[in-house]
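One letter stands for each residue in the lines below.
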Amino acid sequence: MIESKENKKIKYIKRLRENKFMKEEKKFVVEGDHLVKEAYSAGILLETFSVKEVSYGVLNNLITNNIMANISTLKSKPDVIAICKFMDENEKLGDKIIILDNVQDPGNIGTIIRSARAFNINNVVLGLNCASKYNDKLIRASEGMIFKQSVLIKELKYFIPYLKGLGYDVYGTDVSDGIDIRKVSKKRKIALVMGNEGSGVSSDVKALLDKNVYIKTSSDCESLNVAAAASILMYEVAKGDE
C-alpha cells in the first residue's frame, strides 16, 4: 500500500501531467475504470494505481484515498488510474479525413474524435499547433474513442499538398464563400479542414485548399461550435458510404 506523496512512483505519475515530461517519456495518464479498460483493450496499459484490488494484467499499486486525491485531476475521484504508453500511429489513409488546424480546446478535439469514430471517418489529423493528443481532458471527451480511432499529427503545410497529390478534394469551411455540404459529391476522397475556435482556418492553410463548404443553418445562428460543425460535416460525408 502506497501511503506517502513522496513515493517515487507517485512523484513520477504527477510529473507525467507535464506536457514536456510526458513527451520525453512517451507515456500518459488515464483516469477511471472505463478509460483504463479501453487502454487495456488497445494494448497500451503499463501500470495501474487503485484504492481497491483490480486486475488488468499489469502491475497494480494499491494506494490510499488520500493519495488518489493527490494524483487525480477529477472532482469525483476514480477508483483507478493508469500509466499508458503512447499509441503507435497508423499511417494508412482512408478516403475520409478530418484535419484540425490550431484547434486549442482539448474538449472540442476529443468530441471530434468521438464523432469521427461514430461516422466511420478514417483519420483525424491534428496540426502541430493543436492541443496535445494526450491531454487528459481530450482523452476523457473522446470517451475512449481515441484508442480506436486513427489520430495522426502532421505539419499541415506539407500534409495538405501531399493529400492533393493523392487525389483528395480538400475542403475548408466558409459560410460566405462555400458549397452547401449536402451538394458535395461524397464518392471521391475527401479531407475536411476545421479551424481555430475563434479565428477559423489560418491564412497559410486556407491558401492550400481546393474549395470551401458550409452547413445551412437558421439565419438566427451566426456560427456553430467547431466540434458541433465538424460532427455535422462528418455525418454528411459519411452518407457517401450509404
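Worth saying up front: this structure is predicted, and the values here are computed from it rather than measured.

About the cut-offs
- Residues numbered from 1 in each chain as written.
- Predicted model: local features only at pLDDT ≥ 70, side-chain atom pairs only at ≥ 80, totals over all residues.
- Heavy atoms only, no water.
- Phe/Tyr/Trp six-rings, centres within 6.5 Å; stacked < 30°, edge-to-face > 60°.
- Helix = DSSP H or I, 4+ residues; strand = E, 2+ residues; numbered from the N terminus.
- Buried < 20%, exposed > 50% of the residue type's maximum accessible area, 1.4 Å probe, protein only.
- Lys NZ or Arg CZ within 6 Å of the ring centre and 35° of its normal.
- Pairing = 2+ DSSP bridges.
- Arc of directions from axis to C-beta.
- Contact = heavy atoms within 4.5 Å.

## Some thoughts on the packing of aromatic side chains
Phase 1 of the analysis: This structure, assessed with the given rule, holds eight aromatic pairs.
Phase 2 of the analysis: Seen from their ring centres, F28 and Y134 are 4.7 Å apart, and the 40 degrees between their planes marks the pair as tilted. Placement of the pair is F28 in strand β1 (residues 27–31) and Y134 in the loop between β6 (123–127) and α6 (136–141), with a sequence separation of 106 residues.
Phase 3 of the analysis: The class of F28 is buried, set by a relative accessible area of 0%.
Phase 4 of the analysis: By the ring-pair criterion, three or more aromatic residues cluster together here, those being F28, F86, Y134 and F147.
Phase 5 of the analysis: When the ring centre of F21 is taken as reference, the NZ or CZ atom of R15 above it lies at 3.9 Å.

## Some remarks on the pairing of strand β8 (residues 169–173)
Phase 1 of the analysis: Of all five residues that make up β8, four are buried, and the element is covered over most of its length.
Phase 2 of the analysis: The pairing of β8 with strand β11 (residues 211–214) spans three bridges and is classified as parallel. Opposite T173, over in β11, you have V213 as the bridge partner.

## Some remarks on helix α7 (residues 156–165)
Phase 1 of the analysis: Listed as buried for α7 are L156, F159, I160 and L163. For α7, the buried positions fall inside an angular range of 95 degrees around the axis, keeping them on one side. Facing away from the buried side of α7 by more than 90 degrees, the exposed set consists of Y158 and G165.
Phase 2 of the analysis: In this structure, the buried side of α7 is in contact with β5 (96–100), β6, β7 (150–154), β8, β10 (190–194) and α8 (203–206).
Phase 3 of the analysis: G167, located one to two residues past α7, shows a positive phi value of around 95 degrees.

Just distances and angles here, no functional claims.
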